[in-house]
Each structure stands twice: as C-alpha cells, then as structure tokens.
Amino acid sequence: MSALKIENLDISYGDSKVTHGIGFDVAEGESFALVGESGSGKTTVLKAIAGMARSWTGSITAFGHARTPGIDRGFARQCQMVFQDPYGSLHPRKTVDATLSEPLAIHGVGDSGARVDEVMQSVGLDRRFRFRFPHQLSGGQRQRVAIARALILKPKLLLLDEPTSALDVSVQAEILNLLKRLRREQGLTYLMVTHNLPVVSFLCDRLAVMRHGRVVEVASVDQLKRGELQDPYSRELTRFSASHPKT
Amino acid sequence: MATTRDWLLDDSPSSRLQARLGRSYRLSRALARNPLAMVGAIIVLTLILVALFAPWIATHSPIGQDLANRLKPPSAENWMGTDELGRDIWSRVVYGARITLMIVALVAVLAAPVGLVIGAVAGYFGGWTDRILMGITDIFLSMPKLILALAFVAALGPGIQNAIIAIAIATWPGYARIARAETLTIRNSEFVAAVELQGASSLRVIVNHILPLCTSSMIIRVTLDMAGIILTAAGLGFIGLGAQPPLPEWGAMISRGRSFILDQWWVATMPGFAIVIVSLGFCFLGDGLRDVLDPKHGDRQ
C-alpha cells in the first residue's frame, strides 16, 4: 500500500490556480523529495496534504483513506509537518515542555511526562532544555524541538518543508543526520520539499521535479546522482546545483 | 538570598513552576530598573494601601457633618481643611480612594476580558465574523467615551454602579481593536499552524495560544487607560451623574468646591490633586510596563 497517492491535484489560492494536475506516489517507508525553484508550488502541495490549503480538486489518498480539504484530527495522528523556520514555528511564550505536551493534551493521550522525555531523547535534546523558552535555544535546538513536536503523536508520515534551509551549514548536517536516523529507527515515510539537491541525494530515495505548478519529472535518486535526469529543466537544475554546491 | 536568585535565573529550569517564576523575576527586575515605572508603581501601591486601610488613616468620619467648622483652611486638626458642611477633606479624600479603586478595578474586570475575547475571535476567524464584530465595535468607538458614558448613565439613572457599567461599555471597543490587531499578526504564524495541524479546536488555539500573546499589550493598554477611566468617573461625578452625595467621590467633591474656589481654594484643590497624582501614577506604571512587556522591543527578557 502506498503511504500517499496524489492524482490530478489542482490547488488554488482564491482565483489563481497554483498547481496543475500534480500526481505522484509515495510508498510506505520511502523518502520522497519535491524539488523546484521558489514559486513552483511545492510547499503548496504540502499544505494541501496537511489541510492548510483548503481549496483543491483531484485526489489525495493517505494510507488508503481519501483526504477531504481541511484539517482532520484523525489524520493529524498519522501525518505531521515540520516547518521551514524554526524561529517562527515555536510559540515564544511556551517552554519546550508546554510545546511538546500540547499535542498529547489535544488527543487526550495520558502519561505526557514520560512521552515528552522519550521524544526529547530520541531527537537528541538534553533533559535540561525541557523547561526553557525558545529564546533560550539555538536554531538547531529549536528545529529539534519542532521535529519532536511532529513526532510526539507517533505519525507514520512526516511532511518536511525545507527543514534545514534556515540553519547554518554545520547545524544542517546535524539535523539531516537526525532525520535519517529517525526514519531508520521509526520506519517513517518522508515527503520533503527542498531546493537543495545534495540534501535530496543524502536523505531521499526518489524525487519529483516541479516547475510552474506542474511535475515535470519523477526520478530515482540514483538517476539524479548519475546525472541521468531526462527533462531539460531538471538537467538545468542539476547543472546549476553542481556549479553552486552550497545553495 | 543569592541561592534563591540563582534558582530563579537558572538557565535550565527543572520544573514548569521554576521556569514561570524565573520569567516573572526577570520582568520585575527590568521594571525595577525603570525609575518612572517605580514612581508609578509606588503611587498605585499607595492608592491600594490607603483604600484598604482607610478607617485607620482617616482622622475623621468622611460623612460626619460639623456645621460649626465649615470651610476651615488646612490646619493641624483638619489637614486639608473642611468643606461646606464641615466634613474633614483629608478623610474624604482617603475614603474616596476606595471608590476610585473600585471604579478602576471593576471597569478593568468588565471591559478588558470582553474586548479581548471579541477582538481575538474576530481576528482569528476573519470573514463575516470579523466584519460583524468589528462593525459593532466601530459603532461604539465612533462616539467619544465621555459622551457615550453620559448617555448610558442618563438612560440607566445616576449612581456609582451605573457609572461603572457605562464606563465599561464605553471602554471595551478599544481593547477589542487591540486584541484583533495582535491576533492578526499571530494568526498566520507557523506556531499557530502547527497546533492547528495537530487537530486543536479553535477554542484551544484562541485560549491557549493566541490570548497569552495578546495579554501583555492588553495589560499595558488597560494600565494606561486607568487614568482616562478615573477622569471619566470624576467627570461623571462632577456633573452629578456618578457617585451620589454623601459618597466622598473625588469628582463630586471638586464639583461641590467649585462654588467657593476663589475664597476657599482647598475644597476643590485637594481632591483635584488626588486625581492628578493617581492618574499620573497609572500613566507612569503603564509606560514602564510597555517598556518591559512589549514584544516589539525585542526578546530581552
């Protein structure tokens, strides 16, 4: 069974249509990347899956269940999202402990003390950070908290919206290694949005290249590494990435 | 002492309580470094203490008449002199602190939560909810506060309770506007999106995640508004629609002293001083709180 199946997805903001007939398939346990330049509609696809973008047509099927537009409590336990900016995604007046306990309170899960402890350990956050406020944490630590918040409900699918692009290079590597380890340990499925091809080759199995709201090519990471992408735009993207390895 | 301080300022608090106390401690230290705020805090604290201990501070009864000693100038016996019925003005000003404090506290308790909730709901849901709620707010906001309060007191009948209700009705729209503006800036942030994605109900998002971020600007605004509330209450008292005789309300006292302000200046001046000092105190305190609490001044705490 595929974890996520998207067919003919058209998403619009108001009157303007952002994506046109998007379709791809993510197998369970797979790590799939959406790449493309800014404005190509990749983040919008994530938002539609999560339920934040509400006006779309087509079909989104997650673990065999069709999604309806909007946020759904049941789906929330299966699928969570990690945002791009670790500075904006944590409530400034809540401690790490309060941020991590909130999803448990929403879903009426007991034993929050032990669960918070466990999830902090699994994302590599020391216990002494537990009652700190976000402004007392570094960017990398904040992103770990954001990942922990996404994981605390034990979802099977994680939507990652450029999870490392707001961090500096050494911290990026830490977070990528963490994501890789978590996926191995917990058997997670990733759908990741990025414009960073080295990140894709490090973390993902397959990728879809998007341009102007359309998927131009779906390929495996091996093809990407061997430089065997077919579409002219994808080839341009790889060339550009090779000549500017850090961006 | 040093250990308590270290415990409060610990970089890695070990419990929710410690984290919260540490934050309050940092805020109060920042407040203590601001001299004007401290002056304001001392004035407000004095007002509260005077109101609490009025029977022990007052030298005479606030309503006991002594017609033989009418309009006496300030002396050792009557520190602020006596009014036209021979009542001791010092004692009346002291008891008046109770009325002022009651007005201010009740208006804050009635108006601030209403404004906060209406503003947050309008800002969070947007669309028609926003348009309707803000339309109502604008109707109230379009009329000057004192005039609106006057109209309500005229309709409800004079008296201190009605004055409080009228002032509260005239004050909440300002708070609703602020709460809505704050909510709009928070509404689209990623941390709100994150809790929504976790399946939180609108009620939970508003109460647990949006309101806590609106409260600091609300506290600042309410404190700054206190001066205006005191003046409005005094204004209502002055024209005879607020507190009724023989209640020692400061505005009403000024109004009685008006007839002999040239010959017996102290009758109107003493309660006037009280109003000015207390209003200034609230203004200073509000300014100081803004410096400490306003998130736009950076996350120094």
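It should be emphasised that the depicted structure is a prediction, and the values quoted were computed from it without experimental measurement.

*Asks:* How should I be thinking about the overall build of chain A in this particular structure?
*Replies:* From N to C terminus, chain A includes 9 helices and 11 strands. Taken over the C-alpha trace, chain A has a radius of gyration of 18 Å; the compact-globule value for 247 residues is 18 Å, and the two agree within 12%. When the backbone C-alpha atoms are referred to their principal axes, chain A occupies close to 50 × 40 × 35 Å. When the 247 residues of chain A are sorted by exposure, 55% land in the buried category. If you sum the accessible surface of chain A, you get close to 10200 Å²; carbon and sulfur atoms cover 48% of it.

*Asks:* Sorry if this is basic, but what is going on with helix α5 (residues 89–125) of chain B here?
*Replies:* Every α-helix carries 3.6 residues per turn, so stepping three or four residues along brings you back to the same face. Helix length check: α5(B), at 37 residues, gives a terminal C-alpha distance of 53 Å against a target of 54 Å (1.5 Å per residue), a fit within 8%. Phi turns positive one or two residues past the end of α5(B), at B:G126, with a value near 65 degrees.

*Asks:* Mind showing me how you'd approach the interface of chain B and chain A here?
*Replies:* Size of an interface: often given as the accessible area lost when the parts come together. Taken together, the contacts link 29 residues of chain B with 34 residues of chain A. In total, about 2800 Å² of surface goes out of reach between chain B and chain A, with carbon and sulfur atoms giving 55% of it. Summed over the three residues of chain B that lose the most area to chain A, namely B:E190, B:L197 and B:Q198, the buried surface amounts to 27% of that side. Where chain B meets chain A, there are 1 salt bridge. Across the salt bridge formed by B:R204 and A:E102, the nearest N and O atoms sit 3.0 Å from each other. At the surface where chain B touches chain A, the tally comes to 7 residue pairs in polar contact (both at pLDDT 80 or more). For the side of chain B that touches chain A, the elements supplying multiple residues, two or more each, are α2 (16–32), α9 (190–197) and α10 (202–238) of chain B.

*Asks:* It is not clear to me how the environment of A:I175 should be interpreted in this structure. Could you clarify?
*Replies:* Residues and elements named next belong to chain A. Residue placement: I175 occurs in helix α6 (residues 169–186). Residue class for I175 comes out buried when judged on its relative accessible area of 0%. C-alpha separation for the pair I175 and A50, spaced 125 residues apart in sequence, amounts to 22 Å. With near-sequence residues (within four places) excluded, I175 lies in contact with G140, Q143, R144, I147, T164 and L167.

*Asks:* What is the right way to look at the sheet that holds strand β9 (residues 189–194) of chain A in this model?
*Replies:* Note on sheets: strands pair through backbone hydrogen bonds, and any given pair is parallel or antiparallel. Residue and element names in this part refer to chain A. Spatially, β7-β8-β9-β4-β10-β11 is the arrangement adopted by the 6 strands of the open sheet, whose pairing is mixed. Two strands bound the open sheet, and with one partner strand each, they are β7 (79–82) and β11 (214–220). With strand direction ignored, the average angle separating the axes of adjacent strands in the sheet is 20 degrees. Pairing of β7 with strand β8 (residues 157–161), which is carried by 4 bridges, proceeds in the parallel orientation. The residue of β8 that forms the bridge with C79 is L157.

*Asks:* What am I meant to see in the packing of helix α3 (residues 96–106) of chain A against helix α5 (residues 139–151) of chain A here?
*Replies:* A pair of packed helices can be characterised by two numbers: the angle between their axes and the separation between those axes. Residue and element names in this part refer to chain A. Look at α3 against α5: their axes get within 8 Å of each other, and the N-to-C directions meet at 20 degrees. If you check the angle between α3 and α5, you find them roughly parallel. In the crossing of α3 with α5, the sense of the turn from one axis to the other is right-handed. For the pair formed by α3 and α5, the contact residues are V96, T99, L100 and P103 on the first element and V145, A148 and R149 on the second. In the contact of α3 with α5, the residues fall into 5 nonpolar, 1 polar and 1 charged.

*Asks:* Looking at this model, I keep getting lost on a nonpolar patch on the surface. Mind explaining?
*Replies:* Residue and element names in this part refer to chain B. On the surface, L45, I48, L49, L52, F53 and W56 cluster together into a nonpolar patch covering about 640 Å² of accessible area. With 4 residues, helix α3 (residues 35–52) is the largest single contributor of residues to the nonpolar patch. For I48, the location among the structural elements is in helix α3. Looking at I48, the relative accessible area reads 32%, which means it is partly exposed.

*Asks:* Whenever I open this one, the packing of α3(B) against helix α12 (residues 266–293) of chain B confuses me. Can you help?
*Replies:* All names here are of chain B. It is at 7 Å that the axes of α3 and α12 come closest, and there the two elements cross at 135 degrees. Between α3 and α12, the angle falls in the class oblique. Here the hand of the crossing between α3 and α12 comes out left-handed. Packed against α3, whose contacting residues are L36, A37, V39, G40, A41, I43, V44 and L47, the element α12 presents I277, V278, G281, F282, F284, L285 and G288 at the interface.

*Asks:* Would you explain the pairing of β11(A) in this entry?
*Replies:* Every other side chain in a regular strand lies on the same face of the sheet, so the side chains alternate between the two faces. Residues and elements named next belong to chain A. Alignment of strand β10 (residues 206–211) against β11, held across 6 bridges, turns out to be antiparallel. Across the sheet, M210 pairs through a bridge with V215, a residue of β11. The turn joining β10 and β11, which pair antiparallel and follow one another in sequence, is formed by 2 residues; a positive phi near 50 degrees is taken by H212.

*Asks:* What is the right way to look at the UniProt feature "transmembrane region" (unreviewed entry) in chain B in this model?
*Replies:* Cross-referencing UniProt, the feature "transmembrane region" (unreviewed entry) maps to residues 36–58, 99–125, 146–171, 223–244 and 264–286 of chain B in the present numbering. In residues 36–58 of chain B, helix accounts for 91% and strand for 0%; the two terminal C-alpha atoms are 28 Å from one another.

*Asks:* Whenever I open this one, unusual backbone geometry confuses me. Can you help?
*Replies:* Backbone phi values are negative for most residues with the exception of glycine, while trans is the configuration of most peptide bonds. The omega torsion of the bond from B:P245 to B:P246 falls at 5 degrees, within 30 degrees of zero and hence cis. You can see B:P246 is positioned in the loop between α10 and α11 (250–257). For A:N8, which is not glycine, the phi torsion reads 55 degrees and is therefore positive. Relative to the helices and strands, A:N8 resides in strand β1 (residues 2–13). Exposure remark for A:N8: the relative accessible area of 54% places this residue in the exposed category. Residues other than glycine seldom take positive phi values, yet A:E162 does so here, at roughly 40 degrees. Counting through the fold element by element, A:E162 comes out in the loop between β8 and α6. We classify A:E162 as buried; its relative accessible area is 9%.

*Asks:* Looking at this structure, I do not really get the nonpolar core. What am I missing?
*Replies:* Soluble globular proteins tend to pack their nonpolar side chains together in the buried interior. Counting residues in hydrophobic clusters, the biggest one holds 78 residues, and the most contacted among them are B:I89, B:I103, B:W250 and B:F282. If you tally residues by element for this core, the top one is α5(B), at 18 residues. If we ignore the near neighbours within four places in the chain, the residues touching B:F282 are B:V44, B:L47, B:V104, B:T223, B:M226, B:A227 and B:I230. In this structure, A:A33, A:I147, A:V171 and A:I175 belong to the second largest nonpolar core, which totals 47 residues.

Cut-offs applied
Residues numbered from 1 in each chain as written. Chains lettered and ligands numbered in written order. Predicted model: local features only at pLDDT ≥ 70, side-chain atom pairs only at ≥ 80, totals over all residues. Heavy atoms only, no water. Helix = DSSP H or I, 4+ residues; strand = E, 2+ residues; numbered from the N terminus. Rg over C-alpha atoms; globule rule 2.2 N^0.38 Å. Buried < 20%, exposed > 50% of the residue type's maximum accessible area, 1.4 Å probe, protein only. Areas by Shrake-Rupley, 256 points an atom, 1.4 Å probe, with all protein chains shown as cover. Expected span 1.5 Å × (residues − 1). Contact = heavy atoms within 4.5 Å. Buried area = accessible area lost by both parts, 1.4 Å probe. Salt bridge = Lys/Arg side-chain N within 4 Å of Asp/Glu carboxyl O. Polar contact = N/O pair within 3.5 Å; in protein donor to acceptor, adjacent residues only side chain to side chain. Pairing = 2+ DSSP bridges. Axes fitted to C-alpha atoms, helices over the stretch in contact; angles between N-to-C directions. Parallel < 35°, antiparallel > 145°, perpendicular 65-115°, else oblique. Left-handed = near helix turned anticlockwise from the far one by under 90°. Nonpolar A, V, L, I, M, F, W, Y, C, P; charged D, E, K, R; others polar. Patch = residues over 30% accessible without salt bridge, like charges linked within 9 Å, V, L, I, M, F, W, Y side chains within 5 Å. UniProt positions renumbered as here; feature names shortened; annotations may be inferred. Core = buried A, V, L, I, M, F, W, Y, C linked by side-chain atoms within 4.5 Å.

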